[in-house]
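Here's the letter readout for the chains.
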Amino acid sequence: MGETRRSFDPEFRAGAVRIVHETRKSIASVAKDLGINAGTLANWMQMDRLAREQDANGELAESEREELTRLRRQRAEWSRERAELEMERDDAPMFVKP
């Protein structure tokens, strides 16, 4: 069966991003210290950068950012569910008509 994915709360994500900014360590180094995938932390860094850019431009209000975060979380959940269903479908025995 498929691998179970870990989920991280927003506070953990923000803390990990803050560690990279404050210590100026590499993403890979901080990810290793925290026991997470470097690609995951890199994605969080990119989302933080994009959020900061939008804040600087004044494009999104706080409620809009919260809604965007909620929608991204929901999209990720649906993607995981879809992957699980596809794996179940692919692992199911195929019946051949005689």
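What comes next concerns the included structure. Since this is a predicted model, take the numbers as computed values, not measurements.

**Description of a positive patch on the surface**
Thought 1: A contiguous patch of positive charge, built from Arg5, Arg13, Arg73 and Arg80, is present on the exposed surface.
Thought 2: Relative to the assigned elements, Arg13 resides in helix H1 (residues 10-23).
Thought 3: With a relative accessible area of 31%, Arg13 lands in the partly exposed category.

**Digging into the packing of H1 against helix H2 (residues 27-34)**
Thought 1: Between H1 and H2, whose axes approach to 10 Å, the crossing angle comes to 135°. Here H1 is positioned oblique relative to H2, judged by the angle of their axes. Along this stretch, H1 crosses H2, giving a crossing that reads as right-handed. Here Phe12, Ala16, Ile19, Val20 and Thr23 of H1 come into contact with H2, specifically with Ile27, Val30 and Leu34.
Thought 2: When its residues are assigned to classes, the contact of H1 with H2 shows 7 nonpolar, 1 polar and no charged.

**Considering the nonpolar core**
Thought 1: Counting residues in each nonpolar core, the largest one holds 10 residues, listed as Phe8, Ala16, Val17, Val20, Val30, Ala31, Ile36, Leu41, Trp44 and Met45.
Thought 2: Contributions of two or more residues to this core are made by H1, H2 and helix H3 (38-57).
Thought 3: Discounting residues that sit within four places of it in the chain, Phe8 has contacts with Arg13, Ile36 and Trp44.

**Things to note about the pattern of salt bridges**
Thought 1: One pass over the full model with this rule turns up 5 salt bridges.
Thought 2: Of the charged contacts, one joins Glu67 and Arg70 as a salt bridge, the two residues approaching to 2.7 Å between their closest N and O atoms. Of this pair, Glu67 and Arg70 both sit in helix H4 (residues 62-91), 3 residues apart, which is roughly one turn of that helix.
Thought 3: Residue Asp90 pairs with Arg89 through a salt bridge whose shortest N-O separation is 3.1 Å.

Basis of the calculations
- Residues numbered from 1 in each chain as written.
- Predicted model: local features only at pLDDT ≥ 70, side-chain atom pairs only at ≥ 80, totals over all residues.
- Heavy atoms only, no water.
- Patch = residues over 30% accessible without salt bridge, like charges linked within 9 Å, V, L, I, M, F, W, Y side chains within 5 Å.
- Areas by Shrake-Rupley, 256 points an atom, 1.4 Å probe, with all protein chains shown as cover.
- Salt bridge = Lys/Arg side-chain N within 4 Å of Asp/Glu carboxyl O.
- Lys, Arg positive; Asp, Glu negative; His and termini not counted.
- Charge placed at Lys NZ, Arg CZ, Asp CG, Glu CD.
- Helix = DSSP H or I, 4+ residues; strand = E, 2+ residues; numbered from the N terminus.
- Buried < 20%, exposed > 50% of the residue type's maximum accessible area, 1.4 Å probe, protein only.
- Axes fitted to C-alpha atoms, helices over the stretch in contact; angles between N-to-C directions.
- Parallel < 35°, antiparallel > 145°, perpendicular 65-115°, else oblique.
- Left-handed = near helix turned anticlockwise from the far one by under 90°.
- Contact = heavy atoms within 4.5 Å.
- Nonpolar A, V, L, I, M, F, W, Y, C, P; charged D, E, K, R; others polar.
- Core = buried A, V, L, I, M, F, W, Y, C linked by side-chain atoms within 4.5 Å.

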